[in-house]
Amino acid sequence: MEKWTALLQDGKFVRQKCYLEEIEGEIQITCAGMPKTCYEFVEWEKFKKGFTCGGKLHVGDYDIHCINRDGHGTESLKEAVQNSCNVALMSIAEMIGSDEFSKYQDIFGFGDTTGIDLPSEAVGLLYSKENLDPTSLATNSFGQNYNCTMIQMASAFSSLINGGNYYQPYLV
């Protein structure tokens, strides 16, 4: 089944295939990955201590910078989210590990279709846990280096709001 729209051209309606960006398009989710990483962290109750952000974290062969290259200093999980702190998120991902990180990507519906009642839904682009090296895990923690559809992102955020319960999206 294809989605079509009617356009007016020279006084006549012309049918043209529509591209549904929300369903067929993939985006790199950047900061949208932050709530998922934080949920994983809270779920495992590993946030007793704060984080120290010096502006970058050396992971693998790379220095991966925070949004604030001077660093945020010591911060709580709440402050790390408020500051959009990449260093804190990379630290969380390192504590959780690639197995748990991959498990939560699956739980939140990334890397698979949502089952929404629309055609041509894309699945996104994820690292498998076998290919999630320390550097990829670090950058994935704050939403870079993988893609999802906008409907996957909306469904994942809805899961956070619904206490971690994932519900299949539907058009109403």
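All residue numbers here refer to positions counted from 1 along the written sequence of the relevant chain. Note on the predicted model: pLDDT of at least 70 is required for a residue's local features to be given, and 80 or more for side-chain atom pairs to be given and counted; whole-chain, interface and lining totals, by contrast, use all residues. The basis for every side-chain value is the complete set of non-hydrogen atoms in the structure, without hydrogens or water.

**Looking at the overall build of the protein chain**
Here a helix means four or more residues in a row that DSSP labels H or I, a strand means two or more in a row labelled E, and each is numbered from the N terminus. A count of helical and extended segments in the protein chain gives 7 helices and 8 strands. Each residue is placed in one exposure class: buried if its accessible area under a 1.4 Å probe, protein chains only, is under 20% of its type's maximum, exposed if it is over 50%, and partly exposed if it falls in between. Within the protein chain, the proportion of its 172 residues that are buried is 40%. Considering only intrachain contacts with a sequence separation of at least 6, the fraction spanning at least 24 residues in the protein chain is 66%. As displayed, the protein chain offers around 9800 Å² of accessible surface, 52% of which is attributable to carbon and sulfur atoms. Any pair of residues with heavy atoms lying within 4.5 Å of one another is described as a contacting pair. Note on areas: Shrake-Rupley with a 1.4 Å probe; residue coverage comes only from the protein chains shown.

**Some points on helix α5 (residues 98-107)**
Every α-helical turn comprises 3.6 residues, leaving residues that sit three or four positions apart pointing alike. Of all the residues in α5, the buried ones are F101, S102, Y104 and Q105. The buried residues of α5 all sit within an arc of 160 degrees when viewed along its axis, so they share a single face. One or two steps after α5, the chain reaches G109, where phi turns positive at roughly 85 degrees. In this description, the arc belongs to the directions extending from the helix axis to the C-beta atoms.

**Some thoughts on the side chain of T114**
Within the element layout of this structure, T114 appears in the loop between α5 and α6 (134-141). On the accessibility criterion, T114 (5% relative accessible area) is buried. Any pair of nitrogen or oxygen atoms within 3.5 Å is treated as a polar contact; in protein, a donor-acceptor pairing is required on top of that, and neighbouring residues in sequence qualify only through side-chain atoms on both sides. Among the polar contacts listed, one links the side chain of T114 to the backbone nitrogen of I116, at a separation of 3.2 Å. With near-sequence residues (within four places) excluded, T114 lies in contact with E121, I151, Q152, S155, Y166, Q168 and P169.

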